[in-house]
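Chain residues, written in single-letter form:
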Amino acid sequence: MAGLTLVDFLRHRERARLDIAAMFGSLAVAILVGQFRAAAGLEAPWLQTLGAMAIMAQPYLLLRLVYHFRPIPRSVNWIGLAGLVVSWGIFIANLLPLLPALILVIVAYFVIIEGYATVAMVRGALATGGVTRRRLTLAATGSGLLATLILLAGVSAVLPSLADLVGSFGQLLAALAALSYYLGFAPPRWLRRAWQLAELYRFLGETTGRAIVESPAAILDRLCRTGGRVTGSLATVVALWDEAENGLKIQATHGRPAATTDTLSIGEGAVGRAWRERRPAVASTLADFGSAEAVDLATAVGAGALLAVPMAAAGQAWGLLLAFPRSSPLFAADDLALLALLAEQSAIALDYITLLAEQRAAAAQLKAANKELEAFAYSVSHDLRAPLRVIDGFSEALLEDCAEQLDEQGKVYLERVRANTQRMGELIDALLTLSRVTRVEMSREPVDLSVLARSIAAGLQQREPQRQVEFVIESGLVVEGDAHLLHVALENLLNNAWKFSGKRPLARIEFGVLGDEAQATYFVRDDGAGFDMTYADKLFGAFQRLHSMSDFSGTGIGLATVQRIIHRHGGRVWAEGVLNQGATFYFTF
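Residues numbered from 1 in each chain as written. Predicted model: local features only at pLDDT ≥ 70, side-chain atom pairs only at ≥ 80, totals over all residues. Heavy atoms only, no water.

1. Details of the sheet that holds strand β11 (residues 521–526)
Pairing is mixed in the open sheet, where 5 strands are placed in the order β8-β10-β11-β13-β12. At either margin of the open sheet sits one strand with a lone partner, and together these are β8 (469–473) and β12 (573–578). Strand-to-strand twist across the sheet, computed as the mean angle between neighbouring axes with direction ignored, equals 10°. Sheet topology note: the strand β10 (residues 507–514)/β11 ladder contains 6 bridges and is antiparallel. In the sheet register, Leu 514 faces β11, and the bridge partner there is Thr 521. The sheet strands contacting helix α14 (residues 449–463) are β8, β10 and β11, and the helix crosses β8 at an angle near 170°. (Pairing = 2+ DSSP bridges. Helix = DSSP H or I, 4+ residues; strand = E, 2+ residues; numbered from the N terminus. Axes fitted to C-alpha atoms, helices over the stretch in contact; angles between N-to-C directions. Contact = heavy atoms within 4.5 Å.)

Okay, here's the thing in structure tokens:
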């Protein structure tokens, strides 16, 4: 344990870590001296004195640790120092065997100072939370057990008749004290991570079922209160970056006096390091804060240290979480790691809120666009149809009432007028169908595509009974989707196959599926005119045609409608074809 704490100090070079290493070093020296004397069979008085002095230094060194998280009265500090000097003087004077009075002096010093440190650690644990509370509780347990062990050793020295009983019980106390110290001062990484995750789950659990996704202020307020609880800080602050102000602006506080400023400057200290380097930083003195406003706030609440943690997630830096403890935490690294977890989760929540707001804005814009489209469709349906009906009606009246006054060329002209007005009507119908596909509300249910395909095929054959077309339709093709939209899509695909196979004396149209149920790909295949794959990317665009109107009539809207319907069902559609050899249209859900 002494080796672990020494390596930890050499890695971080902090005063608290030095004091921890010194305390365990004193215990290690006492144990090693005892083991060496027993193994070598030496009775050297100086070794015995060295071991005793090392163990007597432990209470005073423990008292120095308390100073890092709790103020110590000057009287207690002088008592501890005086007790250490007196006990060392007794052992250096080699007054062996020790008189009972001297034993009582040494034991009193050890128990009083060790007991004071134990109580201070318990009070420190109660004032904080998170990993620090657990570690301070275990450290206090180890100190209490060690004080009890020394007290029992003093009793056995004064009353030798109890030595055997005390010795057996003392070994158990020593083992428990060592374990408690180990878990308190040098816990393994996995245990510290487990403690951190427990606090994180608690933090996340407190937000479950709450409507905080609607309120960034609620997230920041919860982060402030939780950050103050787990670190035992006198005040906590969340400052977010304000683009307009080009600086950090305080958005949430806990324990902060109302009179302090609402902005934070970014200097070269802990605040600046945390913001620019996007990593947690600790300042043990006011001079290292790097922000005059943070110093003013710390002074107002009586804090002497600062923990600065960036709020960032997915590359988005939101701001800083600042915690103001009374003094530099004994286990600052664990506090920073835990605060970093809480700040990251809060940043993720803010990212989610921002994304949700953007989606809602986009949805509102889409709703407005759909309303405009609906109004346009109404206009097309009513306002454009009226003049078309007038044109078609008067053209028909001319042909019927004034036929004798028209030559053949005039009649041809009027027929062309009527044909184009009717085609314009078909285009309007196709456009309305295309617009409805994107606006209609979907109702999902099991749909038998095989039944739909047979019904559409029967209608086509009734419409043109003279055609010789073989339909091959696979049975049992049931999918989950909107029955009306799927009927429109399948009708367009089969109409397309029927139309482009119209020049074959005996045509064949297939509808089936490839693959299994999990990755089903449906297809409509014909052996008609086909198309050049060079232009395949134009197939599903509105008004895109790969064949002339003189060869094959149509509006050029059908396949665009199919694509939108399939996309609304979460699938995709594509085609393969060979000129004069047919085409196959594939689609998935």
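From this point, the narrative continues.
2. Considering the sheet that holds strand β1 (residues 235–242)
With antiparallel pairing, the 6 strands of this open sheet are ordered in space as β3-β2-β1-β6-β5-β4. Two strands in the sheet have a free side with no partner beyond their single neighbour: β3 (263–264) and β4 (281–283). In this structure, β1 lies alongside strand β6 (residues 316–324), joined through 6 bridges in antiparallel fashion. For Leu 240, the partnering residue across the bridge sits in β6 and is Gly 319. Lying over the sheet, helix α9 (residues 216–231) contacts β1, β2 (247–254), β5 (306–313) and β6, oriented at roughly 140° with respect to β1. Packed onto the sheet, helix α10 (residues 270–277) meets β1, β2, β4, β5 and β6 and runs at close to 155° relative to β6.

3. As for the environment of Gly 170
Mapped onto the elements of the fold, Gly 170 is located in helix α7 (residues 163–185). Its relative accessible area of 8% is what places Gly 170 among the buried residues. The spatial distance from the C-alpha of Gly 170 to the C-alpha of Leu 149 is 5.7 Å, given a sequence separation of 21 residues. (Buried < 20%, exposed > 50% of the residue type's maximum accessible area, 1.4 Å probe, protein only.)

4. A look at the environment of Trp 275
With respect to the secondary-structure elements, Trp 275 resides in helix α10. With relative accessibility at 11%, the residue Trp 275 sits in the buried group. Taking the C-alpha atoms as reference points, Trp 275 and Trp 318, separated by 43 residues in sequence, lie 9.7 Å from one another.

Function-wise, these values are silent; they only describe arrangement.
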